[in-house]
Amino acid sequence: MSLIVVSYFALWQPVRNGWGNRVVYPVLSEIAEAYPGATVKTSGRGVRVTRKSVEGPLNSIVTRPPAGVKFLLPALFVVGIAPDRPWWLGFFAGHILLAVLVALSLAGFIVGLTFFGYFGHGVQLYALDAYSLGFPIFAYVKRIGL
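I will try to describe carefully the structure that is included in this document.

Thresholds, definitions, all that
- Sequence order as written defines residue numbering, which begins from 1 separately in each chain.
- Totals for whole chains, interfaces and linings use every residue, but because this is a predicted model, local features are given only for residues with pLDDT of at least 70 and side-chain atom pairs only at 80 or more, for both listing and counting.
- The basis for the side-chain values is all heavy atoms of the structure; hydrogens and waters are excluded.
- Under the scheme used here, helices are H or I runs from DSSP no shorter than 4 residues and strands are E runs no shorter than 2 residues, and both carry numbers assigned from the N terminus.
- Throughout, exposure labels follow a simple rule: accessible area from a 1.4 Å probe, protein chains only, divided by the maximum for the residue type, with under 20% read as buried, over 50% as exposed, and the rest as partly exposed.
- To measure how exposed things are, a 1.4 Å probe is used in the Shrake-Rupley method; for residues, cover is taken only from the protein chains shown.
- Of the grid points, spaced at 1 Å and generated over the protein atoms alone, those admitting a 1.4 Å probe that cannot get out make up cavities, while open sets with protein on both sides within 12 Å along at least five of seven lines make up pockets; any residue with an atom within 4 Å of a point is treated as lining.
- Grid points are joined across faces, edges and corners, and a volume is the space filled by probe spheres set on the points.
- Note on residue classes: Ala, Val, Leu, Ile, Met, Phe, Trp, Tyr, Cys and Pro are nonpolar, Asp, Glu, Lys and Arg are charged, and everything else, Gly too, is polar.
- The definition of a polar contact used here is a pair of N or O atoms within 3.5 Å, where within protein one atom must be able to donate a hydrogen and the other to accept one, and adjacent residues in sequence count solely through side-chain atom pairs.
- The contact rule is simple, with two residues in contact once any of their heavy atoms fall within 4.5 Å.
- As a rule, the C-alpha atoms of each element are fitted with a line to give its axis, helices using only the stretch in contact, and angles between N-to-C directions run from 0 to 180 degrees.
- Angular relationships are summarised with four words: roughly parallel below 35 degrees, roughly antiparallel beyond 145, roughly perpendicular across 65 to 115, and oblique for the angles in between.
- By definition, turning the near helix anticlockwise from the far helix through less than a right angle yields a left-handed crossing, and turning it clockwise yields a right-handed one.
- When DSSP finds two or more bridges between two strands, those strands count as paired.

Bringing the overall build of the chain into the picture now. Within the chain, the secondary structure is distributed over 5 helices and 3 strands. Counting helices and strands in the order they occur from the N terminus, the chain gives α-α-β-β-β-α-α-α. Principal axes of the C-alpha set define a box for the chain whose edges measure 55 × 35 × 20 Å. A total of 146 residues make up the chain; the buried ones form 41% of that total. Split by element, the accessible area of the chain, about 8,200 Å² in all, is 68% carbon and sulfur.

As structure tokens, this is what we get:
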């Protein structure tokens, strides 16, 4: 368990901090150059996408780097209940996939498909939390054999 905590802070944190600036921002800013009315800016460790043509509260959406505290604490629980099984790797992969899904949906938002902005916001706000809470419960139920 301590190996995961040390790896998280020593190895994953630097990668995680560069997620927005080195991965998401260059891709989304190139897409935004082709579609006027959308701006992409770095916002802390994340990326903010704003569309001027969209009215309402979701004209600006911010992505966050994947696998933060919502990954670390449940992953420690998963390792604690099943140290002999690498379920936490699948849990980590799910967090990465959700982050990629949010980034792709923001690309659709930049292009002009407003639905994808709402979708990405919903994935980031609700699906990530549901996954972070649901996966450890699933692992626990699987471990005790229910």
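Now that the structure has been shown, the text picks up again.
By volume, the largest pocket is sized at about 280 Å³. Taken together, 14 residues form the lining of the largest pocket, with L3, I4, S7, F71 and W88 sitting closest to its centre. Secondary structure elements with two or more residues in the lining of the largest pocket: α1 (2-17), α3 (69-81) and α4 (87-111). When residues of the lining of the largest pocket are assigned to their parent elements, the largest contribution, 5 residues, is made by α1. Taken together, the residues of the lining of the largest pocket break down into 12 nonpolar, 1 polar and 1 charged. Considered as a void within the structure, the second largest pocket measures approximately 230 Å³ in volume. R64, P65, P66, A67 and L128 are, among the 19 residues lining the second largest pocket, the residues nearest its centre.

Turning our attention to the side chain of R51. Within the fold, R51 resides in strand β2 (residues 46-51). One polar contact links the side chain of R51 to the main-chain carbonyl oxygen of F109, over a distance of 3.0 Å. Here the side chain of R51 touches T114 through a polar contact of 3.4 Å, side chain to side chain. With sequence-adjacent residues up to four places away left out, R51 is seen in contact with G37, A38, N59, F109, I110, G112, L113 and T114.

Of note, V27 is situated in helix α2 (residues 19-34). Residue V27 is classed as partly exposed on the basis of its relative accessible area, which comes to 48%. Each C-alpha atom of the pair V27 and G112 lies 16 Å from the other, and the pair is 85 residues apart in sequence.

One can describe the packing of α3 onto α4 by two numbers: an axis separation of 9 Å at closest approach and a directional angle of 160 degrees. Judged by the angle between their axes, α3 and α4 are roughly antiparallel. Crossing of α3 over α4 shows right-handed handedness. Contact residues: α3 offers K70, F71, P74, A75, V78 and V79, while α4 offers W87, W88, F91, F92 and H95.

Here Q13 is to be found in helix α1. On the basis of relative accessibility, which here comes to 17%, the residue Q13 falls in the buried class. Not counting chain neighbours up to four residues away, the residues in contact with Q13 comprise Y8 and R45.

Take the sheet that holds β2 next. The 3 strands lie next to each other as β1-β2-β3, forming an open sheet whose pairing is antiparallel. Of all strands in the sheet, those bounded by a partner on one side alone are β1 (38-43) and β3 (60-63). With direction set aside, neighbouring strand axes in the sheet form an average angle of 20 degrees. In this structure, β1 lies alongside β2, joined through 6 bridges in antiparallel fashion. Residue pairing in the sheet places V40 in a bridge with V49 of β2. Here α2 sits on the sheet and contacts β1 and β2; the angle it forms with β1, its principal contact strand, is near 170 degrees. Packed onto the sheet, α4 meets β1, β2 and β3 and runs at close to 25 degrees relative to β2.

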